[in-house]
Amino acid sequence: MQKITLLTVGKLKFPWIAEGCDLYKKRLEHESQFSWIIQKDGDIQTESKALHKTLSKAEGMKVLLDERGKQYSSEELAKFLANLRDSGEPVTFVVGGAYGVG
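Parameters and conventions
- Position numbers for residues start from 1 in each chain and track the written sequence from start to end.
- Local features in a predicted model are, by the rule used here, given only for residues with pLDDT of at least 70; side-chain atom pairs are given and counted only at 80 or more, and totals for whole chains, interfaces and linings are based on all residues.
- Computation of side-chain values covers all heavy atoms of the structure but excludes hydrogens and water.
- Runs of E in the DSSP output that reach at least two residues are strands. Runs of H or I that reach at least four are helices, and both are numbered from the N terminus.
- Only the C-alpha atoms count toward the radius of gyration. The rule for a globule is 2.2 Å times the residue count to the power 0.38.
- Relative accessibility decides the category of a residue: with a 1.4 Å probe and only protein chains considered, values under 20% of the type maximum give buried, values over 50% give exposed, and everything between is partly exposed.
- With residues, only the protein chains shown are counted as cover, and all accessible areas are computed by Shrake-Rupley using a 1.4 Å probe.
- Here, the term nonpolar core denotes a set of buried Ala, Val, Leu, Ile, Met, Phe, Trp, Tyr and Cys residues that are joined through side-chain atoms within 4.5 Å.
- Contacts: residue pairs with any heavy atoms within 4.5 Å of one another.
- Each pair of strands is called paired provided DSSP finds at least two bridges between the two strands.
- Angles run from 0 to 180 degrees between N-to-C directions of axes, and those axes are lines fitted to C-alpha atoms, restricted for helices to the stretch in contact.

Peer 1: An account of the overall build of the protein is requested, with residue identities and associated values reported.
Peer 2: Within the protein one finds 3 helices and 4 strands. Seen in sequence order, the protein has helices and strands lined up from the N terminus as β-α-β-α-β-α-β. Taking 13 Å as the expected radius of gyration for a compact globule of 102 residues, we find that the protein reaches 14 Å, a close match to that expectation. Its C-alpha atoms put the protein at 35 × 30 × 25 Å along the principal axes. Residue burial in the protein is summarised as follows: out of 102 residues, 25% are buried. Total accessible area on the protein is roughly 7600 Å²; 56% of this is exposed by carbon and sulfur atoms.

What follows is the structure, given as structure tokens:
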């Protein structure tokens, strides 16, 4: 079973977003060892330092989700995720805070 980690900064601000995230978390737990790490938000140096510390301990591939990153179509994203799953390698998805990831 693949290990998937979601690393985010700051708490979710709206209850409906948290409900949606919980729904997908439950779905992922049936297919993988899923964990969600929520770092405290703060200034960019504090956030970056905390993210880097956590990532230095993470095993496997790290995927930074960024609005300026590579854009995938639905089919491309599904293929990318299927390849990750099939490799069995642990993966950590990173979503930065309001200041991005330093």
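Peer 1: So what about the nonpolar core? Which residues, and what values?
Peer 2: Among the nonpolar cores identified, the biggest contains 7 residues, and these are Ile4, Leu6, Phe34, Val63, Leu84, Val91 and Phe93. Secondary structure elements with two or more residues in this core: β1 (3-9) and β4 (91-95). Excluding residues within four positions of it along the chain, Val91 makes contact with Gln2, Lys3, Ile4, Thr5, Met61, Val63 and Leu84. Core analysis: the next-biggest nonpolar cluster, separate from the first, contains 5 residues, Leu7, Leu51, Leu55 and Val94 among them.

Peer 1: Lay out the sheet that holds β1 with the relevant residues and their values.
Peer 2: In a beta sheet, neighbouring strands pair by backbone hydrogen bonds and run either parallel or antiparallel. The strand order across the open sheet formed by 4 strands is β2-β1-β4-β3, and the pairing between neighbours is parallel. Of all strands in the sheet, those bounded by a partner on one side alone are β2 (33-39) and β3 (61-65). Across the sheet, the mean angle from the axis of one strand to that of its neighbour is 20°, orientation sign disregarded. Two strands pair when backbone bridges link them, and β3 and β4 are joined in this way by 5 bridges, in the parallel orientation. Each bridged residue has a counterpart across the sheet, and for Val63 the counterpart in β4 is Phe93. Lying over the sheet, helix α2 (residues 44-57) contacts β1, β2, β3 and β4, oriented at roughly 170° with respect to β1.

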